[in-house]
Amino acid sequence: MAPSVAEKVKVVVRVRPMTTKERQHGEEELVRCVSDRSVQILEQQVGQGVRGSRAQTALAYQFERCFGQETTQEELFEGCGVKEMLDHV
């Protein structure tokens, strides 16, 4: 079946939880969902002043839907339409 003119591609993002190894190495969470449609990405920058100080800048991106670290596979599949699509295959 050919797609209709009204159909469009949905772009969703899922922020995965940090791994145990990342936590053990002291890594910081740099990507987070700030709403159900927006993610924020923090950029670490070495500061110019105090030795070892860090500054952060943030970039924000918009999506059709944003799923956070606490999202289960089932919630993700239902929320972005994959489950419905697989039920029709």
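Structure: see above.
Model, not experiment: these values are computed from the prediction. By convention here, each chain's residues receive numbers from 1 onward along its written sequence. A pLDDT threshold of at least 70 governs which residues receive local features in this predicted model, and a stricter bar of 80 or more applies before side-chain atom pairs are shown or counted, although totals over entire chains, interfaces and linings include all residues. In computing side-chain properties, one takes all heavy atoms of the structure into account and sets aside hydrogens as well as water.

## Re the overall build of the protein
Move 1: Segments assigned H or I by DSSP are reported as helices when at least four residues long, segments assigned E as strands when at least two residues long, and all are numbered from the N terminus. Tallying secondary structure elements over the protein gives three helices and five strands in all.
Move 2: For the protein, buried positions account for 13% of its 89 residues.
Move 3: Here, two residues are considered to be in contact whenever any of their heavy atoms come within 4.5 Å of each other. The contacts of the protein with a sequence gap of at least 6 include a subset with a gap of at least 24, amounting to 43%. The buried label applies to any residue whose accessible area, calculated with a 1.4 Å probe on protein chains only, is under 20% of its type's maximum; exposed applies above 50%, and partly exposed to all values in between.

## Overview of the environment of arginine 14
Move 1: Mapped onto the secondary structure, arginine 14 falls in strand S1 (residues 12-14).
Move 2: C-alpha separation for the pair arginine 14 and leucine 76, spaced 62 residues apart in sequence, amounts to 8.0 Å.
Move 3: Every residue in contact with arginine 14, bar those within four places of it in the chain, is listed here: Phe67, Thr71, Thr72, Gln73 and Leu76.
Move 4: Identification of polar contacts relies on pairs of N or O atoms within 3.5 Å, with a donor-acceptor requirement for protein atoms, meaning one able to donate a hydrogen and the other able to accept it, and with residues adjacent in sequence counted only if both atoms are side-chain atoms. In terms of polar contacts, arginine 14 uses its side chain to reach the backbone carbonyl oxygen of threonine 71, at 2.6 Å.
Move 5: A polar contact of 2.3 Å, which involves the side chain of arginine 14, links it to the side chain of glutamine 73.

## Remarks on the pattern of salt bridges
Move 1: A pairing counts as a salt bridge when a side-chain nitrogen of Lys or Arg comes within 4 Å of a carboxyl oxygen of Asp or Glu. Following the criterion strictly, the structure yields two salt bridges and no others.
Move 2: For glutamate 22, the salt bridge identified is with arginine 16, shortest N-O distance 2.9 Å.
Move 3: Accessibility expressed as a relative area gives 48% for arginine 16, which makes it partly exposed.
Move 4: Residue glutamate 29 is joined to arginine 32 by a salt bridge in which the shortest nitrogen-to-oxygen separation is 3.6 Å.

## A look at the environment of phenylalanine 63
Move 1: One can find phenylalanine 63 in the loop between strand S4 (54-62) and strand S5 (65-67).
Move 2: Sequence separation between phenylalanine 63 and aspartate 36 is 27 residues, and the spatial gap between their C-alpha atoms is 8.6 Å.
Move 3: Excluding residues within four positions of it along the chain, phenylalanine 63 makes contact with Val11, Val12, Val13, Arg37 and Val39.

## Considerations on the side chain of serine 38
Move 1: Position of serine 38 among the secondary structure elements: in strand S3 (residues 38-46).
Move 2: At 3.2 Å, the side chain of serine 38 and the side chain of glutamine 62 are in polar contact.
Move 3: In contact with serine 38, other than residues within four places in its own chain, are Arg32, Cys33, Ala60, Tyr61, Gln62 and Cys66.

## Focus on the environment of glutamine 69
Move 1: With respect to the secondary-structure elements, glutamine 69 resides in the loop between S5 and helix H2 (73-79).
Move 2: Look past the residues within four positions of glutamine 69 in its chain and what remains in contact with it is Val15, Arg16, Pro17 and Glu29.

## Re the side chain of threonine 71
Move 1: Relative to the assigned elements, threonine 71 resides in the loop between S5 and H2.
Move 2: Overall, threonine 71 belongs to the buried group, its relative accessible area being 9%.
Move 3: Dropping the residues within four chain positions of it, threonine 71 is found in contact with Arg14 and Leu76.

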